[in-house]
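Residue-level structure breakdown
Listed here are the chains, written in short residue letters.
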Amino acid sequence: MEDYSGMVSTEAEFAEQIMVDLIAQGYSGNDLHEHFKKEVSQIRPAVEAMLEEVKRVAVSGSEYVSYEDVFGKVEKEQ
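Residues numbered from 1 in each chain as written. Predicted model: local features only at pLDDT ≥ 70, side-chain atom pairs only at ≥ 80, totals over all residues. Heavy atoms only, no water.

1. Brief notes about the overall build of the protein chain
- Of regular secondary structure, the protein chain possesses four helices and zero strands.
- Put simply, the protein chain runs from its N terminus to its C terminus through helices and strands in the order α-α-α-α.
- Looking at the protein chain as a whole, 13% of its 78 residues qualify as buried.
- Of the roughly 6,900 Å² of accessible surface on the protein chain, 55% is carried by carbon and sulfur atoms. (Helix = DSSP H or I, 4+ residues; strand = E, 2+ residues; numbered from the N terminus. Buried < 20%, exposed > 50% of the residue type's maximum accessible area, 1.4 Å probe, protein only. Areas by Shrake-Rupley, 256 points an atom, 1.4 Å probe, with all protein chains shown as cover.)

Here it is in structure tokens:
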């Protein structure tokens, strides 16, 4: 069984950002609570899926994709 204990603080950080975002969208009361529960319930499965993908890539020996590969070369502002 995998140890995801380090994810707790990450989940708390995501939860706080979700709450801020939902309030900014105008949710309050029961609507806020329901939307918050729904969003928070999706954090762990999403993080676990990302971890599984990382493991799959690591085991397969696939080449990595760099930031520049995805977004192009970043030019410095002067």
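2. Details of the nonpolar core
- Residues Ala 15, Ile 18, Leu 22, Leu 32, Phe 36, Ile 43 and Val 47 constitute the largest nonpolar core, which totals seven residues.
- Those elements giving two or more residues to this core turn out to be helix 1 (7-24), helix 2 (29-41) and helix 3 (43-60).
- The element contributing the most residues to this core is helix 1, with three residues.
- Non-local contacts of Leu 32, meaning those with residues more than four positions away in its chain, are made with Met 19, Leu 22, Ile 23 and Tyr 27. (Core = buried A, V, L, I, M, F, W, Y, C linked by side-chain atoms within 4.5 Å. Contact = heavy atoms within 4.5 Å.)

3. Details of the environment of Asp 21
- Relative to the helices and strands, Asp 21 resides in helix 1.
- When the C-alpha positions of Asp 21 and Phe 36 are compared, they lie 9.7 Å apart, and in sequence the two are 15 residues distant.
- Of the polar contacts made by the side chain of Asp 21, one reaches the side chain of Gln 25; its length is 2.7 Å. (Polar contact = N/O pair within 3.5 Å; in protein donor to acceptor, adjacent residues only side chain to side chain.)

4. Concerning the confidence of the model for the protein chain
- The predicted model of the protein chain averages 81 in pLDDT, with 82% of residues at 70 or higher.
- Within the protein chain, no element has a lower average pLDDT than helix 4 (residues 67-71), which sits at 73, and none a higher one than helix 2, at 95. (pLDDT = per-residue confidence, 0-100.)

5. A look at the pattern of salt bridges
- All told, the structure shown has four salt bridges when counted by the stated rule.
- In this structure, Glu 34 and Lys 37 form a salt bridge, with 3.5 Å as the shortest nitrogen-oxygen distance. With a gap of three residues between them, Glu 34 and Lys 37 both fall in helix 2, about one helical turn apart.
- Residue classification places Glu 34 among the partly exposed residues on the basis of a relative accessible area of 45%.
- For Lys 37, a relative accessible area of 43% corresponds to the partly exposed category. (Salt bridge = Lys/Arg side-chain N within 4 Å of Asp/Glu carboxyl O.)

6. A few points about the packing of helix 2 against helix 3
- Two numbers describe how helix 2 lies on helix 3: the axes approach to 4 Å, and their chain directions differ by 20°. On the basis of their axis angle, the class for helix 2 and helix 3 is roughly parallel. Counting all contacts with helix 2, which are made through Glu 39, Val 40 and Ser 41, the residues of helix 3 involved are Ile 43, Arg 44 and Pro 45.
- Each residue belonging to the contact of helix 2 with helix 3 can be placed in one class, and the counts come to three nonpolar, one polar and two charged. (Axes fitted to C-alpha atoms, helices over the stretch in contact; angles between N-to-C directions. Parallel < 35°, antiparallel > 145°, perpendicular 65-115°, else oblique. Nonpolar A, V, L, I, M, F, W, Y, C, P; charged D, E, K, R; others polar.)

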